Amino acid sequence: MPAKVVVGLQWGDEGKGRVIDYLAEEADIVIRYQGGANAGHTVWVEDERYIFHLVPSGILHPKLICLMGGGMVVDLEALLEEIDSLTTKGIEVEGRLFLSPRAHLVLPQHKDAEGSWEKRIGTTLKGIGPAYAQKYARLGVRVGDILEDGLEERLSFAGENFQGLTEKLRMVGGRIKPYLKDVEPFLNQALKEGKSLLFEGAQGTLLDIDQGTYPFVTSSHPTAGGACLGTGVGPTKINEVIGVAKAYTTRVGRGPFPTELKDDLGELLQRGGGEYGATTGRPRRCGWLDLVALKYACEVNGVDKVALTKLDVLDRASEIKFCVAYLYQGERIEGFPLNLDHCEPVYERLPGWERPTKGIREFGQLPPQAKVYLDRISSYIGVEISWVFTGPGREDVIEVG
Ligand code: GDP
Ligand code: IMO
Ligand code: MG
């Protein structure tokens, strides 16, 4: 069975966690490939809410193996806390969760150094930018290094005051040791054995360091190519890319957002969609769906299928708008520009359905206006919508036939 990558197609928080939880039903291994504890992936199981920051969202399926790839940056204390909290909730983690020794450490100085980044970009204060900056300066410390000789030297290259920290890291290292695994050979062997792999992207395409709205991005590659870079699996082994998008758009932190609604409607989406950061608790900025950006995201990821979440949040809107082009310096453009800053959205409008879709599980039961909206989205982006999600619960999904 194939290897599939699940990627966010907007600015994060599209519902990747719940889509992974749904698709994990048929997977053997779920792998996070980039980012760190800046992610917050929510999965509801009946009345219990799980928010995953570092641990892959497949962990709730007891037979699955969950891996964290070398492309990640990991705060080991945060990881141990997450493991403890899952264990307390009765989820068995040991023997099923493994971390690549190649992943880089988020060190105390990374969090301390993030103040100015936070002011400029609205980062999550999880040390992500500084940790990746140090990695690419080739001054980083990898998880596996804590168990090797020469840790002090590496820490001093990294500019850390290593006294005290070395000891602390070695202690944490003792606890983390059972979780270490060479992810790259393990995955390549699993592929040879015909195992099914599900790669879990964090953040979203528009936050990608290369493909996103630079500089208001994160410091890693959430896009599908990142799955190869961050795990040592070659691109020829990836069979399918699944893109996750909300039926509208949200963004946390600073940066351009052409379809942002700064009025009551924006607030309605925020409240209706529970749009508050799963990691920082910050209110998410909300706006209409941007099809120009969505089409671009489908292209740069090579998306085969789209999973559309949160259709139910639009239930009360009397009219649905969506952006089909931008006005840029007075000219209409349909491509995704270098800078979104001065782009005005050009909208198309459709009548809303103004009746509940929440919990609908059959495509045929959707209101005709909702079907028209879905059809318009998929014809604009040129990709089929294969799943529509109509609520946060595990069962709230339509498999579009
Ligand atoms: P992720 O980071 O992409 O995994 O997304 P988050 O978990 O940060 O944010 C998505 C939020 O929307 C979570 O609170 C989910 O429980 C919720 N959610 C996901 N899908 C749906 C849906 O179809 N309808 C509704 N109403 N909520 C959803
Ligand atoms: P998930 O995986 C939404 C945003 C931050 C900030 C920018 C850079 O839950 O979708 P960083 O701390 O990464 O240096 O911040 O990226 N950001 C996210 N927004 N969802 C996320 O993760 C995010 N991770 C980072 O708000 O604007
Ligand atoms: Mg999130």
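No experiment lies behind these values; they were computed from the predicted model shown.

Under the counting rule described, the total for this entry stands at seven aromatic pairs. Geometrically, the ring pair formed by W11 and F257 is tilted, given 5.3 Å between the ring centres and 55° between the ring planes. In this pair, W11 sits in the loop between β1 (3-8) and α1 (16-23) while F257 sits in the loop between β11 (249-251) and α10 (264-272), placing the two residues 246 residues apart along the sequence. Accessibility assignment for this pair places W11 and F257 in one class, buried. With a centroid separation of 6.5 Å and an interplanar angle of 20°, the aromatic rings of Y132 and Y136 are classed as stacked. Note that Y132 and Y136 are positioned in helix α5 (residues 128-136) at a spacing of four residues, about one turn of the helix. With a relative accessible area of 2%, Y132 lands in the buried category. Judged by relative accessible area, which is 52%, Y136 ranks as exposed.

Okay, the coordination of the magnesium ion (ligand 3) next. Only D13 (OD) and G40 (O) from the protein coordinate the magnesium ion (ligand 3), and they sit 2.0 to 2.2 Å from it. Of this pair, D13 sits in the loop between β1 and α1 while G40 sits in the loop between β2 (29-32) and β3 (41-45), placing them 27 residues apart in sequence. Taking relative accessible area as the criterion, D13 reaches 23% and is therefore assigned partly exposed.

What follows concerns the sheet that holds strand β19 (residues 397-399). Read across the sheet, nine strands follow the order β7-β5-β2-β9-β1-β10-β14-β18-β19 without closing on themselves; strand pairing throughout is mixed. Either end of the sheet is taken by a strand with one partner, and the two such strands are β7 (97-99) and β19. Across the sheet, the mean angle from the axis of one strand to that of its neighbour is 25°, orientation sign disregarded. Across four bridges, the pairing between strand β14 (residues 305-309) and strand β18 (residues 384-389) is parallel. Counted as the bridge partner of A307 is W387 from β18.

We note that the domain assignment places domain 1 (104-174) and domain 2 (245-399) within the protein. Summarising the inter-unit geometry, the C-alpha centres of domain 1 and domain 2 are found 37 Å apart. The interface of domain 1 with domain 2 comprises seven residues on the first partner and five residues on the second. Taken together, both faces of the contact between domain 1 and domain 2 bury some 410 Å²; the carbon and sulfur share is 46%. Taken as a group, I121, G122 and T124 account for 57% of the area that domain 1 buries against domain 2, more than any other trio of residues on that side. Where domain 1 touches domain 2, the interface holds four residue pairs in polar contact (both at pLDDT 80 or more). Here the residues of the side of domain 1 that touches domain 2 sort into one nonpolar, three polar and three charged.

About the cut-offs
Residues numbered from 1 in each chain as written. Chains lettered and ligands numbered in written order. Predicted model: local features only at pLDDT ≥ 70, side-chain atom pairs only at ≥ 80, totals over all residues. Heavy atoms only, no water. Phe/Tyr/Trp six-rings, centres within 6.5 Å; stacked < 30°, edge-to-face > 60°. Helix = DSSP H or I, 4+ residues; strand = E, 2+ residues; numbered from the N terminus. Buried < 20%, exposed > 50% of the residue type's maximum accessible area, 1.4 Å probe, protein only. Donors = N, O, S within 2.8 Å, 3.2 Å for Na, K, Ca; no water. Pairing = 2+ DSSP bridges. Axes fitted to C-alpha atoms, helices over the stretch in contact; angles between N-to-C directions. Domains from an automatic or database assignment. Contact = heavy atoms within 4.5 Å. Buried area = accessible area lost by both parts, 1.4 Å probe. Polar contact = N/O pair within 3.5 Å; in protein donor to acceptor, adjacent residues only side chain to side chain. Nonpolar A, V, L, I, M, F, W, Y, C, P; charged D, E, K, R; others polar.

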